[in-house]
Every structure is written in structure tokens, then in C-alpha cells.
Amino acid sequence: MKKLTCLLLLLMTTGFVFAASQDLLNSYLEDDALVNIKALLDDASQSKNQASANYNLLILHYTEMTKAMNKMEAMIDDLQPAQRFQLANIYLGIGREEDAIKHYDFLNENYANWSCPWRHKGEAYYNLQEWEEAEKALNKAIETRVEHYDAYLWLARVQLKLNKNKEALKTFETGMSYKGKDTEDPEEEFSSQEEAFLKLDILKANKMKKESNKLEKSLRERFPECDYWKK
């Protein structure tokens, strides 16, 4: 909340928040009663100044999310495993990897055969650039569910960072053999675009020029504006 308050003060002093919307926002920040929340939502749907209205929505949603997360932390011992997992995933999604890992650790210790917390912990460690820890977690995810498609792809990513290029290729190919066979929707976990660019990185790392050149040509045609080409 301290960072959020600083951001709010900065934008208000630069004139980003306009008078009418600022009054609504101030009312909400002083009193988060339902009537003030509704006023912000109504303003967002009717305002002619969408930049200001959207800013208010950003503050509203972030503030309410933070409050809800704090409440969940306060009742953490009463949460069901799936609820604790989703809380950890929210932390992961907003860049609070250490908080996410804390909850993944609890789930790993108490539900060791549940593959998903291992997989997501591997992603959290990847974001933190702690490659060895990420590798351990992702290997555990695969150990607990051998058909866990996206765990293989995340592991291949990590192995590239560790310069285990041949292993990354093997891991990627194994993961692709399970695509569509896992219980989860593969596109939701690892998009086909991410998959294609990961494959390109793996082919390049293994100096498979013929294959990588062919794939790169195809991807440049399919995704000409992708940030990948700006590397």
C-alpha cells in the first residue's frame, strides 16, 4: 500500500487525475463504503475522460485486492488447499514471488504429490533467476505427474539458463509428447506462441541451424511484431 500511495500522490501532483474523478477517488480512499465503490464504478462507465476513470479503477481494484489478500493471510490456517494455491498464484501474478513461494512450500510439504504447486514454484524461482531451485521444483512436478505438459516446457526454459542445451531439447520433446494428454488446457498454461519461440531458442542453443532457420522464417511471418525480434 505504501508504493500505491506514492504512485497516487505522484500522479495527482502531475495533474493526471481530473477534479471530478479526483473527488470520487478521495471519497473512496477516505471511506471504502460500498456507496463510494459504486460511485467509482459508475464514473468509469460514464466518464468522458477514460484515462482518469481507468486510473481510478486501477486504484480501486488494487486496493480491494490487497485488502482481500490481507484478510486471506489473516485466516490462512482456515483456507482449503486449493484456496491457498490460488492465493499463491495471485502473488506470483503480481510479482511477489517470495510470498508465493512461502505458500507453495506449505503445499509441497503437506500435499507432496500435488504437481501444480511444484510447477508454479518452479516458475516463481525462474522469475527470481534462481535456476537450480527452479529446476528442482519442476523436476518434482514431473515426478508427481508425468504427463504435466507445461512443467516440461518450463523445465526446458530453466535448462537453457543452466546451459543444459541437450537436456532442454530432450525435455521439450518429451513435454510435446504429452500435449493434449494432460488434465489441463495446454493453451492456458503455455501458449502455442510461447511454445514456438521456446523451441526456436532450443534449436539455436543446440546449433541446429537448418531447423532453427526454417522455424525462424515461419515465426517472422506469423508474428512480425513480436518483441522477441527486438532482442
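For the structure itself, look to the data block above.
Overview of the structure. (Residues numbered from 1 in each chain as written. Predicted model: local features only at pLDDT ≥ 70, side-chain atom pairs only at ≥ 80, totals over all residues. Heavy atoms only, no water.)

### Concerning the overall build of the protein chain
Right, so step 1: Each helix and strand in the protein chain was counted, giving 13 helices and zero strands.
Right, so step 2: The order of helices and strands in the protein chain, counted from the N terminus, is α-α-α-α-α-α-α-α-α-α-α-α-α.
Right, so step 3: Relative to its 231 residues, the protein chain shows a buried fraction of 42%.
Right, so step 4: Accessible surface, the protein chain as shown: approximately 13500 Å² in total, 52% of it carbon and sulfur. (Helix = DSSP H or I, 4+ residues; strand = E, 2+ residues; numbered from the N terminus. Buried < 20%, exposed > 50% of the residue type's maximum accessible area, 1.4 Å probe, protein only. Areas by Shrake-Rupley, 256 points an atom, 1.4 Å probe, with all protein chains shown as cover.)

### A short note on the packing of aromatic side chains
Right, so step 1: Scanning the model with the defined rule gives 10 aromatic pairs in all.
Right, so step 2: Between F197 and W229, the ring centres sit 5.5 Å apart and the planes meet at 70°, which makes this aromatic pair edge-to-face. Pair noted here: F197 is in helix 12 (residues 192-205) and W229 is in the segment after helix 13 (209-222), with a separation of 32 residues, a long-range link. You'll find F197 and W229 in the same group, each marked buried.
Right, so step 3: By way of ring pairs, the aromatic residues Y126, W131, W154 and F190 are connected into one cluster.
Right, so step 4: The ring of W154 is capped by R157, whose NZ or CZ atom sits 4.5 Å from the centre of that ring. (Phe/Tyr/Trp six-rings, centres within 6.5 Å; stacked < 30°, edge-to-face > 60°. Lys NZ or Arg CZ within 6 Å of the ring centre and 35° of its normal.)

### A look at the side chain of N89
Right, so step 1: Locating N89 in the fold gives a position in helix 5 (residues 81-93).
Right, so step 2: Under the relative-accessibility criterion, N89 is labelled buried at 17%.
Right, so step 3: A polar atom in the side chain of N89 sits 2.5 Å from the side chain of Y104. (Polar contact = N/O pair within 3.5 Å; in protein donor to acceptor, adjacent residues only side chain to side chain.)

### Observations regarding unusual backbone geometry
Right, so step 1: Positive phi values are uncommon outside glycine, yet Q129 reaches one of about 60°.
Right, so step 2: Its location among the elements puts Q129 in the loop between helix 7 (115-127) and helix 8 (131-144).
Right, so step 3: A positive phi angle, near 60°, is found at N163, a position not held by glycine.
Right, so step 4: Residue placement: N163 occurs in the loop between helix 9 (149-161) and helix 10 (165-177).
Right, so step 5: Overall, the relative accessible area of 64% leaves N163 in the exposed class.

### Comments concerning the nonpolar core
Right, so step 1: Counting 38 residues, the largest nonpolar core has L153, L198 and I202 as its most contacted members.
Right, so step 2: With nine residues, the top contributor of residues to this core is helix 9.
Right, so step 3: The contacts of L153, once residues within four sequence positions are left out, are F172, G175, F190, E195 and L198.
Right, so step 4: Counting residues in each nonpolar core, the second largest holds 10 residues, with L215, L219, F223 and W229 among its members. (Core = buried A, V, L, I, M, F, W, Y, C linked by side-chain atoms within 4.5 Å. Contact = heavy atoms within 4.5 Å.)

### Observations regarding the packing of helix 5 against helix 6 (residues 97-110)
Right, so step 1: For the pair helix 5 and helix 6, interaxial distance at closest approach is 7 Å and the crossing angle is 155°. It follows that helix 5 is roughly antiparallel to helix 6 by the angle criterion. Judged by the sense of rotation from one axis to the other, the crossing of helix 5 with helix 6 is left-handed. The residues of helix 6 that touch helix 5, namely those facing P81, R84, F85, L87, A88, N89, Y91 and L92, are E97, D99, A100, H103, Y104, F106 and L107.
Right, so step 2: Along the lines of polarity and charge, the residues of the contact of helix 5 with helix 6 split into 10 nonpolar, two polar and three charged. (Axes fitted to C-alpha atoms, helices over the stretch in contact; angles between N-to-C directions. Parallel < 35°, antiparallel > 145°, perpendicular 65-115°, else oblique. Left-handed = near helix turned anticlockwise from the far one by under 90°. Nonpolar A, V, L, I, M, F, W, Y, C, P; charged D, E, K, R; others polar.)

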